[in-house]
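Spelled out, the chains give:
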Amino acid sequence: QDLLQICSKTFRLLEPQRASLFPTNPSNMSTAVEKQQTFQKQRQDSSFGASCTSFYTTEEKKDSYETLEDVLLAKCADEKVRAVVQDLLQICADITEALRAALVTVEGSTNDFGDSQLSVDVIADKILWEAVKKSPVIREGASEEDPIVRNVDEGGEGEFTVCWDPLDGSSIVDNNWAVGTMIGVWPKKTGLIGATGRDQVTSVVALYGPRTTVLVALDDGTYEFTYGCSTEGDVSSQSTGSIKDETWVCSRQAIKIQPTSKIFSPANLRAAQDLNGYRNLVDHYMINRYTLRYTGGLVPDVYQQFTKRQGVFCNPTSEKSPAKLRLAFEAAPFGLLVEKSGGKTSDGITGGSILDVQINAVDQRTPLCLGSADEVDRFNETLGLTNSGKSETTPEAGSLAANLQSKFTKFSAMISGFGK
């Protein structure tokens, strides 16, 4: 009982509405920076071995932090986009509170893809549907759990089509590992079908861990907001979970992903048995002592690129290990955030940007690679993809690339239809 009481007190320290962004002790800040510098120096010494593979934060505590409202006014010119971002962050706050009180159990139902639905999946999806129906700026919604674009615009003034994966990480959430929500937002003029990821007006990815943090694509780049902190970066005075100015603070501004990386997240490793290029790429990571950081959850595995300012996530596919990632719900929202941060993406087929792939089906699936630009180039080159991004593509090659992507899209749609 005493030990569980200690755990309860520790949880209250870490839970979102009471968390501080960074250590308040100034001496800790210099210690963190010195520790990272020492580790990086030791990494260069081959005699140190492979044990020195950690990348510690060098973020230092600021005197004050800008609020969500302040950043949106300065970095998001479109009033309706500001409104939809605020609506979506309210949703992420509500999901945060719901996850704290929900057990992970099987609901006895399946989604459109035949996956068993968990209690937390259903809860998160319900929160999203209820919220988008109330939003005056959202006209259409589509969930990965039920991939149909539905009209939710009762007032007739909605502007955006919003697509979401309510809770990515169903296979790891029972371990109490970090999971997340991914949301893409398209304007009325394009809608979803026939549009590309580049048409998105914004995208939002939330990570639910000891703290809740959210990445948002704004006019000049990617910004991170942390839930539950005051503008001083300490314990928030709010305890109700409702959105106040001081409840969401900007913890990282205009994030930049550096072109080189020593962190890798190799998804769908089964495909390495079929693809010599992927096997060679993984060998390169191991031989050159890259740091493996992979949980099996797309959100935490890609999110680290924004906190560590480097990384590469790759998910190629083969005939025996087909694509699982959804273009509209997962690849496009994260792709926008990565490219706005100076990173690069690959569609895993032509080597072109994932943001240029046309969305022809709500549940369209795709291979994917994204992260540090040099590493995405390495992925394209090692797997022998048509367009490495380093040189211009000839019209003939461009036509072939488009044909390959078109064939993959049709095949993906056919496979998805088998289970319906």
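Residues numbered from 1 in each chain as written. Predicted model: local features only at pLDDT ≥ 70, side-chain atom pairs only at ≥ 80, totals over all residues. Heavy atoms only, no water.

Trainee: Quick question: what am I supposed to make of unusual backbone geometry here?
Mentor: A negative phi angle characterises most non-glycine residues, just as the trans form characterises most peptide bonds. Positioned with a positive phi, asparagine 176 is a non-glycine residue whose angle comes to about 65°. As for its position among the elements, asparagine 176 is in the loop between strand E5 (160–168) and strand E6 (179–187). The residue alanine 254 is not glycine, and still its phi comes out positive at about 40°. Examined against the element boundaries, alanine 254 turns out to sit in the loop between strand E10 (248–252) and strand E11 (263–266). (Helix = DSSP H or I, 4+ residues; strand = E, 2+ residues; numbered from the N terminus.)

Trainee: Any chance you could explain the sheet that holds strand E13 (residues 312–315) here in plain terms?
Mentor: Backbone-to-backbone hydrogen bonds join strands into a sheet, with any given pair of strands oriented parallel or antiparallel. Taken in spatial order, the five strands make up an open sheet running E12-E11-E13-E15-E14, and their pairing is mixed. Edge positions in the open sheet fall to strand E12 (291–292) and strand E14 (344–346), since each of these has one partner strand only. Both E11 and E12 contribute to a ladder of two bridges, which runs parallel. From the neighbouring strand, phenylalanine 264 faces E12, where its bridge partner is leucine 292. Packing against the sheet, helix H6 (residues 276–287) makes contact with E11 and E13, and its axis sits at approximately 155° to E13. Here helix H8 (residues 327–340) sits on the sheet in contact with E14 and strand E15 (368–371), set at roughly 25° to E15. (Pairing = 2+ DSSP bridges. Contact = heavy atoms within 4.5 Å. Axes fitted to C-alpha atoms, helices over the stretch in contact; angles between N-to-C directions.)

Trainee: Is there a simple way to think about the sheet that holds strand E9 (residues 221–227) in this case?
Mentor: Reading across from one edge, E4-E3-E5-E6-E7-E8-E9-E10 is the order of the eight strands in this open sheet, with mixed pairing throughout. Since the sheet does not close on itself, it has two edges, and those belong to strand E4 (146–151) and E10, each with one partner. Here the strands of the sheet are splayed against their neighbours by 20° on average, with no regard to which way each runs. Relative to E4, strand E3 (residues 138–143) is paired through three bridges, and the arrangement is antiparallel. Bridge assignment links glycine 141 to a residue of E4, and that residue is arginine 150.

Trainee: Would you mind showing me how to read the side chain of glutamine 304 here?
Mentor: Within the secondary structure layout, glutamine 304 lies in helix H7 (residues 298–307). Residue class for glutamine 304 comes out buried when judged on its relative accessible area of 13%. The contact partners of glutamine 304, leaving out residues within four places of it in the chain, are Ile263, Ser265, Arg293, Arg309 and Gln310. (Buried < 20%, exposed > 50% of the residue type's maximum accessible area, 1.4 Å probe, protein only.)

Trainee: When you look at a nonpolar patch on the surface in this model, what are you seeing that I'm missing?
Mentor: A contiguous nonpolar patch, built from Leu3, Leu4 and Ile6 and spanning about 350 Å² of accessible area, is present on the exposed surface. Tracing the chain through its elements places leucine 4 in helix H1 (residues 2–14). (Patch = residues over 30% accessible without salt bridge, like charges linked within 9 Å, V, L, I, M, F, W, Y side chains within 5 Å. Areas by Shrake-Rupley, 256 points an atom, 1.4 Å probe, with all protein chains shown as cover. Salt bridge = Lys/Arg side-chain N within 4 Å of Asp/Glu carboxyl O.)

Trainee: Looking at this model, I keep getting lost on the packing of aromatic side chains. Mind explaining?
Mentor: In the structure shown here, the tally under the stated rule is seven aromatic pairs. Ring plane angle 65° and centroid distance 6.4 Å describe the contact between tyrosine 303 and phenylalanine 306, whose orientation is recorded as edge-to-face. Taken together, the positions of tyrosine 303 and phenylalanine 306, both in helix H7 and three residues apart, correspond to about one turn of that helix. Owing to a relative accessible area of 3%, tyrosine 303 belongs among the buried residues under this scheme. We classify phenylalanine 306 as buried; its relative accessible area is 0%. On the numbers, 6.4 Å between centres and 15° between planes, the contact of phenylalanine 306 with phenylalanine 334 is stacked. In this pair, phenylalanine 306 is assigned in helix H7 and phenylalanine 334 in helix H8, connecting sequence segments 28 residues apart. Each of the two residues, phenylalanine 306 as well as phenylalanine 334, counts as buried. Three or more aromatic residues link up through ring pairs in this structure, and these residues are Phe264, Tyr285 and Tyr290. (Phe/Tyr/Trp six-rings, centres within 6.5 Å; stacked < 30°, edge-to-face > 60°.)

Trainee: Looking at this structure, I do not really get the pairing of E15. What am I missing?
Mentor: Remember that side chains alternate between the two faces of the sheet whenever the strand is regular. Side chains Leu368 and Leu370 of E15 all project onto a buried face; the interleaved residues Cys369 and Gly371 project onto the opposite face, where all are buried too. Summarising the sheet, E13 and E15 pair through four bridges and their orientation is antiparallel. Each bridged residue has a counterpart across the sheet, and for asparagine 315 the counterpart in E15 is leucine 368. With three bridges connecting them, E14 and E15 associate as antiparallel partners. Its bridge partner being in E15, threonine 345 is matched across the sheet by leucine 370.

Trainee: Please explain helix H3 (residues 68–75) as it appears in this structure.
Mentor: The periodicity of an α-helix, 3.6 residues per turn, causes residues three or four positions apart to be oriented the same way. Among all positions of H3, only Leu68, Val71 and Leu72 are buried. The arc that holds every buried residue of H3, seen down its axis, measures 100°, which confines them to one face. Opposite its buried face, H3 presents the exposed residues Leu73 and Ala74, each directed more than 90 degrees away. (Arc of directions from axis to C-beta.)

Trainee: Please clarify how the pattern of salt bridges should be interpreted in this entry.
Mentor: Note on pairing: side chains with opposite charge can pair once their charged atoms come close. Counted under the stated rule, the structure contains nine salt bridges. In this structure, the salt-bridge partner of arginine 326 is glutamate 144, at a minimum N-O distance of 3.4 Å. Of the two residues, arginine 326 sits in the loop between E13 and H8 while glutamate 144 sits in the loop between E3 and E4, which places them 182 residues apart along the sequence. Each of the two residues, arginine 326 as well as glutamate 144, counts as buried. Each member of the salt-bridge network shares a partner with another, and the members are Arg198, Glu339 and Asp356.

Trainee: I would appreciate a short explanation of the environment of threonine 345 in the present structure.
Mentor: Mapped onto the elements, threonine 345 comes out in strand E14. Each C-alpha atom, one on threonine 345 and one on alanine 331, is 9.4 Å from the other, the two residues being 14 residues apart in sequence. Look past the residues within four positions of threonine 345 in its chain and what remains in contact with it is Gly335, Val338, Glu339, Gly352, Ser353, Ile354, Leu355, Cys369, Leu370 and Val376. Side chain to side chain, threonine 345 and glutamate 339 meet in a polar contact 2.7 Å long. There is a polar contact of 3.0 Å between the side chain of threonine 345 and the backbone nitrogen of isoleucine 354. (Polar contact = N/O pair within 3.5 Å; in protein donor to acceptor, adjacent residues only side chain to side chain.)

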